[in-house]
Amino acid sequence: MLIQGQASSPRTAETVLQAHWRHLDRRQSGIKGLLLGATILSCGSVLAILGFLSYFALPIFSEGHLAEILSWEWRPFQGKFGILPMAVGSLSLAVTAMGVAYPLGLGICGFAHGLGPRCLKGPLMGLINFMTSIPTVIYGFVSVIFLVPLVRGAFPESTGYSWLTAALTLSLMILPTIVLLVHAQLQQVDARVRLASAALGFSPAQTLLWVMRPLAFRGLWAAAVLGFSRALGDTIIALMVAGNAPQVPNSLLDSIRTLTSHIALVVATDSTSQAYQSIFASGLILFGVSIAVNLTLRRLQSRAALPATGRHD
Amino acid sequence: MGPKKPVDLEPTVLVKSLHVGFAGREVLHNLNAKFNRGWLAVVLGRSGSGKTTFLRALNRLNECFPRSATRGSLKLKLQGEWRDIYRNAMPLPELRRRVGMVFQTPHLLPGSIADNLALPVKLVLGVPRRNIASRVEWALEEAHLWDEVKDRLNAPAHTLSGGQQQRLCLARLLALEPEILLLDEPTASLDFRAALKVEELLLSLKERYTIIAVSHSLSQARRLADEALIFRDGSVVQRLSREDLQAPDTLQALLEEIF
Amino acid sequence: MIKKITYLAQACSWLAVLTTVGMILLFLGFLGVRGFDTINPTLFFGNTPPWGAIIGRLPVWHGIWPACVGTVALVLLSSLLAIPLGLASGIYLAHYASGAWKRWFSLAVEVLAGIPSIVMGLFGFALILSLRKTVAPQANTCLLLSAGCLALLVLPYLILMTQTALEALPDELRQAGLSLGFTPWQNMVHVLLPVAGRGILSGVILAVGRAAEDTAVILLTGVVANSGLPSGILDKYEALPFHIFFLAAEARSDAELAQGFGAALILLILTAALFLGAYYLKSTFTKTWDQKNLSI
Ligand SMILES: Nc1ncnc2c1ncn2[C@@H]1O[C@H](COP(=O)(O)OP(=O)(O)O)[C@@H](O)[C@H]1O
Ligand SMILES: [Mg+2]
């Protein structure tokens, strides 16, 4: 529309037009630049986090505290800053919570995909989806008021704030993660095999157990990995109900402390530099684990290479 | 079809040794062609022979796909000036406005029938709000659609029938004052009657535009074409005039070539 | 044999479902029954006259009003930081990035999504420590810091939801606009974003819910038990999740415990409402597409 107004002399019209086009081009690259800037900022924050944690954990190496941090005793007043009990605590808690949640999760997925009546699938998955929205702190709160006294009543030698209590509560929190992941994978598989296996005369339950289960193994692994990492990363439930004693537990009724709650506790109470170093070391460990989990998940996904999705016509 | 016009052809599209590839695989090889204003050229060929890719080379839409590469020279005469669109380029949006394209299936914008026309007119041409309605009406008249939709301009566009949708897409193009029209099997998804309507429309438009249409049907080509280009494996293997197309023996050869 | 295994599996799945549903119902029921009666003006304002408390003239001592205000402020501030950044990055990743860069950026987003929230809090804490050592010896943990760390926490969700919603759109929609001569940005603003809007909005709401419920991040970055209303973004503040956390450990009377239940119920209602809103938007997003696809 620009052109008609300027048509008096073709050359000047052309220059005006070129200038206008350059302006448009600049605008588009300006917008692209802004978007790129935002992306770099978002993604760069990962590096910033890693950088800060490393920077504050650095003195462990330069001052030669590594052996102290990686030892089995935490007694800050006697100069003992070992975080290994917390590492064991995190691991034990995550493993036991998974031990409860994973079978439950599989059972629920099986129920929704052929083992249970079809009409209950919708409400069940709705409930599981809803569980993702329950705040963690509320799990912790109810557990403190309800489960802790229950455990204390059942095992009088325990205070109730224990590995067991935390594991049970935590399993409820990670359950939806597991269910939703496996469910998504089963749905994909289902779409592929439903007709074929129905044509062979399998019942839905049989289809699930002998046709879909082997095909869904990636989803099963992914759910295990992600559920485990969520259990490991949780702070609040462990902090509220696990008791927080820095020790290697001997029984399910012992009190334990995780790396995550260790960080929260030290920030709230201690302020010696070595105590701080120990929490940055804990932070780095957690960061490292989350990266490892991520790469594992990526591998699982990339193996599940989907058929090409491009349409050429 | 009416008597043929005295030939006073004004070339508007010149393609010289065009190569297009995706992800390292070449799809068009050393393609040469020439097209004129007031002249309807039909492209024929097996599916997968590169017809769509060729059309998309003319408005640089191949660049929307990952890892496309284009070589060669492609000159268009726009506003009376020759431009090599891959070099002395105008901005892509400007190019694409002047080289309009209709796809094999109707590609609608979200929203109502009126939205489909008004949004591009407003955004691309910058037509002021008060002139938009008349422009919409004009374009719908051009596409022989006005009488069918004038009472339901605000209905969702996807409630139209397939043929109406395709003509809506054409109207949307025409509203933007293009100079070259690229039509990629515009009637492939339509029934015979709807297809005839679109054909009729194309014939009424061809005086004023350069039209390059891909067709999936030989009989359609015979009804429409001033010239036909036969594609095979990414090159033009044959060029047929209107008379050639009507001759029964070329027809036989063509049928074997294409289908 | 096969029959037996099938029956066994069915029995196990019933058991799992009944256990889980039983636990959740027990859990919600417990909270509902104990919390329901506590929801009244006293829960929010203690014995301060409500109107005075709402306009901020009178301090509230025995109510959760300051914690509610703190949480709302926190959520608003972190949304303000995270939403523009998340949308822009999601758009970039969906339609502008390509090749190796896109893979690296996506990896970074996934890593960010996997970082435990306590580590995000620790990052904020480290930020303050280093500020104190360098340019600002007075720097302290505060509302702004918490909001920043929470923004980082929800950022990857926003990015992924935006990117997924945009990439789920059919290719022809994008080509339609571009072939008409829209600039890529016009196409984004006038065609793609309006269609993907519901999907993106549901992502935004979920992110808001996460920011509202997270406790670990704010624990390390400036939340306190008794500060009253926050007087500025560089101040300490109260927040609902932390208030609940605090009462679980420190409640000294039945009244305080009851307040804990009330606060928990309020927080649950808030996050559940956000969740339901997001769920609704998302289902209508998918439905509109199905409808359109049928007719095209
Ligand atoms: N975006 C793309 N990416 C990769 N290959 C493509 C793409 N578009 C088309 N092709 C390939 O180019 C060849 C020609 O396709 P096309 O131009 O669509 O043929 P036609 O329209 O004649 O059926 C086909 O082999 C197709 O696979
Ligand atoms: Mg084609």
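The notes below deal with the structure included here. (Residues numbered from 1 in each chain as written. Chains lettered and ligands numbered in written order. Predicted model: local features only at pLDDT ≥ 70, side-chain atom pairs only at ≥ 80, totals over all residues. Heavy atoms only, no water.)

### A look at the environment of Q138(C)
Link 1 in the chain: Structurally, the position occupied by Q138(C) is in the loop between α6 (117-133) and α7 (143-167).
Link 2 in the chain: Sequence-wise, Q138(C) and I128(C) are 10 residues apart; in three dimensions their C-alpha atoms are separated by 9.5 Å. (Helix = DSSP H or I, 4+ residues; strand = E, 2+ residues; numbered from the N terminus.)

### Details of the interface of chain B and chain C
Link 1 in the chain: Residue-level contacts link 24 residues of chain B with 20 residues of chain C.
Link 2 in the chain: Roughly 2000 Å² of surface becomes buried between chain B and chain C when both sides are summed, with 66% attributable to carbon and sulfur atoms.
Link 3 in the chain: Three residues stand out in chain B for area buried against chain C, namely P110(B), L123(B) and H158(B), and they jointly supply 26% of the buried area on that side.
Link 4 in the chain: The tally of links between chain B and chain C comes to zero salt bridges.
Link 5 in the chain: Joining chain B to chain C, the criterion identifies two residue pairs in polar contact (both at pLDDT 80 or more).
Link 6 in the chain: Sorting the residues of the side of chain B that touches chain C by element identifies α2 (92-98), α3 (113-125) and α6 (162-174) of chain B as the ones contributing at least two each.
Link 7 in the chain: When residues in the side of chain B that touches chain C are grouped by element, the largest group, four residues, is from α3(B).
Link 8 in the chain: Considering only residue class, the side of chain B that touches chain C consists of 16 nonpolar, five polar and three charged. (Contact = heavy atoms within 4.5 Å. Buried area = accessible area lost by both parts, 1.4 Å probe. Salt bridge = Lys/Arg side-chain N within 4 Å of Asp/Glu carboxyl O. Polar contact = N/O pair within 3.5 Å; in protein donor to acceptor, adjacent residues only side chain to side chain. Nonpolar A, V, L, I, M, F, W, Y, C, P; charged D, E, K, R; others polar.)

### Overview of the pattern of salt bridges
Link 1 in the chain: Across all of its chains, the model carries 20 salt bridges over all chains by this definition.
Link 2 in the chain: K77(B) is paired through a salt bridge with E10(B); the nearest N and O atoms lie 3.6 Å apart. In this pair, K77(B) sits in strand β4 (residues 68-78) while E10(B) sits in strand β1 (residues 10-22), placing the two residues 67 residues apart along the sequence.
Link 3 in the chain: The partly exposed category is assigned to E10(B), whose relative accessible area is 29%.
Link 4 in the chain: Notably, a salt bridge pairs K102(C) with E167(C), separated by 3.2 Å at the nearest N-O pair. With K102(C) in helix α5 (residues 99-114) and E167(C) in helix α7, this pair connects stretches of sequence that are 65 residues apart.
Link 5 in the chain: Assessed through its relative accessible area of 21%, K102(C) is described here as partly exposed.
Link 6 in the chain: E167(C) gets classed as partly exposed once you look at its relative accessible area, which sits at 40%.
Link 7 in the chain: Members of the salt-bridge network, linked through shared partners, are E73(A), R75(A) and K80(A). (Buried < 20%, exposed > 50% of the residue type's maximum accessible area, 1.4 Å probe, protein only.)

### Side note on the interface of chain C and chain A
Link 1 in the chain: Taken together, the contact between chain C and chain A spans 76 residues of the former and 71 residues of the latter.
Link 2 in the chain: When chain C packs against chain A, the two sides together hide about 6700 Å² of surface, and 83% of this comes from carbon and sulfur.
Link 3 in the chain: The partner of R298(A) in a salt bridge is E110(C), with the nearest N and O atoms 3.1 Å apart.
Link 4 in the chain: If you tally residues by element for the side of chain C that touches chain A, the top one is helix α1 (residues 2-36) of chain C, at 20 residues.

### Concerning the site of ligand 1
Link 1 in the chain: Close contacts around ligand 1 come from 15 residues, with R25(B), G48(B), K51(B), T52(B) and T53(B) the closest.
Link 2 in the chain: Nearby residues around ligand 1 are contributed by chains A and B.
Link 3 in the chain: At 3.1 Å from an oxygen atom of ligand 1 is found a main-chain nitrogen or oxygen belonging to G50(B).
Link 4 in the chain: Contact distances for ligand 1 include 2.4 Å between an oxygen atom and a side-chain N or O atom of T53(B).
Link 5 in the chain: In isolation ligand 1 has 550 Å² of accessible area, and contact with the protein removes 83% of it.
Link 6 in the chain: Looking at the shell around ligand 1, the elements that each hand over two or more residues are β2 (25-37) and α1 (51-58) of chain B.
Link 7 in the chain: Taken together, the residues of the shell around ligand 1 sort by class into three nonpolar, seven polar and five charged. (Near = heavy atom within 4 Å. Areas by Shrake-Rupley, 256 points an atom, 1.4 Å probe, with all protein chains shown as cover.)

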